[in-house]
Amino acid sequence: MYKRQALTDVERAAGRDPAPLGLVHSSWGGTIAEMWLPYATLFGASAGCLNTTGGPPYQRKDYANGALYNGMVRPWVNYSVAGVLWYQGENNLFQCADDGGAENGPGACGVLEERTGYACLVSRLVTSWREAWGDATLPFGVVELAGGTSEGFSQSMGAFRHAQAAVKAHARTFVAAGHDVGDPWSGSEARCHEPDAPYACQREDGSPNDTPYTKFFMGSIHPRTKKWVGDRLAFAYRALVGAAPDAAPRAGPTLAGCRVDGGSLVLAFDEALLGDDGVRAWPSAAASGAPTDALMVRYGDAWRAAAIAPQRPFDEKNGTRLANFASTTAALDGDNVTGVRYGWADRPFCIVDNALEPCAPNGGPLMLAKNLLPALPFWAEVAGGECASISSA
């Protein structure tokens, strides 16, 4: 719904009458991706998927794998559709491998090249649905899991978002960031019901004299902060189908490389995806000593928070883009840098006590200066003072 509203808002802002836009809503709460793929695709000898340990796909007891595809997707294939939006994954998190660290690394939730885990499932979802509609270029969008929706597996959220990004191995696909737009009161409703609380909510039981605001539904597993997701889906879809201006960015800041430069770590972002925008860096909380999982640097085997230096990519006087519009720096506090990660936690930018204050949406320190799209989470291995491999969401 919010994506449709965002698309029509864009048309009205341009002075055009929005074309009618219909949505087909096919969903079943609490399901796993295996139920939404054709059975033959899931278990194909050469192109099927394996679980994260190399065994057969997981099978739940309530509904057979492929059942929801047969009942809730296949009946629609004679309709012409302009694209697919996929928002699912919470109930697949438990299948991720656990390496015992505070945050599981890339590959924990599947590797596309090895046909394992969710990375394989979401890739096969795209190919099988496109085959069903007979359209090899059918636009397909995926929403990253929002913070606070881990169903008890928060250590796998960064790895799972990376697995979701496997969809980008296919042409005409896009991902809408969700890591920074969990419900502001995720994990606590202590002050959420107070009428003067920011992002106030209504109790789920509908108690008398409660606030008139949107209520929680099954807690933070269904974040109320959907407008950001809708706007980002609309932004990405318009860019994909050529409806956006040529100079518009194609994604939020996406890491392209890094290097150690004395006492700093320089992060370089993909210029081609920035369009006419630039990377805005707000000072991260680590600079003031507050806890944060925003940017973490690994020294040997130990991860420590790093402070991101504030930066504007445009000249304040004439608006021209500065030379460092696609990079930013972070202070190092040691030698032997072996890795760096950003936004890889469940709720990476929540720097307050969530029992007392809300965690503001879109609160990451790195984003586009004009379009305010957040930087995509990443995990990179560092060797010889440079990024040797990069895994992004």
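What counts and how
- Residues numbered from 1 in each chain as written.
- Predicted model: local features only at pLDDT ≥ 70, side-chain atom pairs only at ≥ 80, totals over all residues.
- Heavy atoms only, no water.
- Helix = DSSP H or I, 4+ residues; strand = E, 2+ residues; numbered from the N terminus.
- Contact = heavy atoms within 4.5 Å.
- Phe/Tyr/Trp six-rings, centres within 6.5 Å; stacked < 30°, edge-to-face > 60°.
- Buried < 20%, exposed > 50% of the residue type's maximum accessible area, 1.4 Å probe, protein only.
- Lys NZ or Arg CZ within 6 Å of the ring centre and 35° of its normal.
- Core = buried A, V, L, I, M, F, W, Y, C linked by side-chain atoms within 4.5 Å.
- Expected span 1.5 Å × (residues − 1).
- Salt bridge = Lys/Arg side-chain N within 4 Å of Asp/Glu carboxyl O.
- Patch = residues over 30% accessible without salt bridge, like charges linked within 9 Å, V, L, I, M, F, W, Y side chains within 5 Å.
- Areas by Shrake-Rupley, 256 points an atom, 1.4 Å probe, with all protein chains shown as cover.
- Pairing = 2+ DSSP bridges.
- Axes fitted to C-alpha atoms, helices over the stretch in contact; angles between N-to-C directions.
- Parallel < 35°, antiparallel > 145°, perpendicular 65-115°, else oblique.
- Left-handed = near helix turned anticlockwise from the far one by under 90°.

Chemist: Quick question: what am I supposed to make of the side chain of Arg 232 here?
Modeler: By the element assignment, Arg 232 lies in helix 6 (residues 226-240). Ignoring any residue separated from it by four or fewer positions in sequence, one finds Arg 232 in contact with Ala 176, Ala 177, Gly 178, Asp 180, Val 181, Asn 362, Leu 373 and Pro 374.

Chemist: In this structure, what is going on with the packing of aromatic side chains? I would like to understand it.
Modeler: Any two aromatic rings considered together are summarised by their centre-to-centre distance and by the angle between their planes. Counted according to the given criterion, the structure contains 14 aromatic pairs. For the ring pair Trp 129 and Trp 133, a centre distance of 6.4 Å and an interplane angle of 45° mean the geometry is tilted. Of the two residues, Trp 129 and Trp 133 both sit in helix 4 (residues 117-133), four residues apart, roughly one turn of that helix. With respect to burial, Trp 129 and Trp 133 carry one shared label: buried. Taken together, the aromatic side chains of Trp 36, Trp 86, Trp 129, Trp 133 and Phe 140 make up a single cluster linked through ring pairs. Positioned above the aromatic ring of Trp 282, the side-chain terminus of Arg 280 is 3.9 Å from the ring centre. Over the ring of Phe 325 we find Arg 321, and its NZ or CZ is 3.7 Å from the ring centre.

Chemist: Hey, could you run me through the nonpolar core in this one?
Modeler: One finds Trp 36, Trp 86, Tyr 118, Trp 129 and Phe 140 to be the most contacted residues of the largest nonpolar core, which totals 41 residues. Among the secondary structure elements, those contributing two or more residues to this core are helix 3 (67-72), strand 1 (84-86), helix 4, strand 2 (140-143) and helix 5 (157-164). Among all residues touching Trp 129, those that are not within four sequence positions of it are Trp 36, Tyr 69, Val 73, Val 84, Trp 86 and Phe 140. Within the second largest apolar cluster, 30 residues are counted, among which are Cys 258, Ala 330, Val 337 and Tyr 342.

Chemist: Just to check I follow, could you spell out helix 6 for this structure?
Modeler: Side chains that are three or four residues apart share a direction in an α-helix, a result of its 3.6 residues per turn. For helix 6, built from 15 residues, the straight-helix expectation of 21 Å at 1.5 Å per residue is met to within 8% by its first-to-last C-alpha distance of 21 Å. Among the residues of helix 6, Val 229, Gly 230, Arg 232, Leu 233, Ala 234, Ala 236, Tyr 237, Arg 238 and Ala 239 are the ones counted as buried. Directly beyond the C-terminal end of helix 6, a positive phi value near 85° is found at Gly 242.

Chemist: Hey, could you run me through helix 5 in this one?
Modeler: In terms of residue burial, helix 5 counts as a mostly covered element, since seven of its eight residues are buried. The complete set of buried residues in helix 5 reads Met 157, Gly 158, Ala 159, Phe 160, Arg 161, Ala 163 and Gln 164.

Chemist: Could you clarify how one ought to interpret the pattern of salt bridges in this entry?
Modeler: Pairing between side chains becomes possible if they bear opposite charge and their charged atoms approach one another. For the structure shown, the criterion picks out nine salt bridges. The partner of Arg 60 in a salt bridge is Asp 62, with the nearest N and O atoms 2.8 Å apart. Across the salt bridge formed by Arg 259 and Asp 261, the nearest N and O atoms sit 3.5 Å from each other.

Chemist: Would you mind going over a nonpolar patch on the surface with me for this structure?
Modeler: Taken together, Val 24, Trp 76, Tyr 79 and Val 81 make up a surface patch of nonpolar side chains, about 360 Å² in accessible area. Along the polypeptide, Tyr 79 turns up in the loop between helix 3 and strand 1.

Chemist: Just checking my understanding: could you explain the pairing of strand 13 (residues 386-392) for this structure?
Modeler: Across six bridges, the pairing between strand 12 (residues 378-383) and strand 13 is antiparallel. When the bridges of strand 13 are listed, Ala 383 appears paired with Glu 386. Where strand 12 folds back onto strand 13 in an antiparallel hairpin, the turn is made up of two residues, including Gly 384, whose phi is positive at roughly 65°.

Chemist: Got a minute to help me understand the packing of helix 4 against helix 5 in this structure?
Modeler: Geometry of a packed helix pair, given as the angle between the helix axes and the separation of the axes. At a closest axis distance of 8 Å, the pairing of helix 4 and helix 5 adopts a crossing angle of 30°. The pairing of helix 4 with helix 5 is recorded here as roughly parallel in orientation. Read as a crossing pair, helix 4 and helix 5 show a hand that is right-handed. For the pair helix 4 and helix 5, the contacting residues are Tyr 118, Ala 119 and Val 122 in the first and Phe 160, Ala 163 and Gln 164 in the second.

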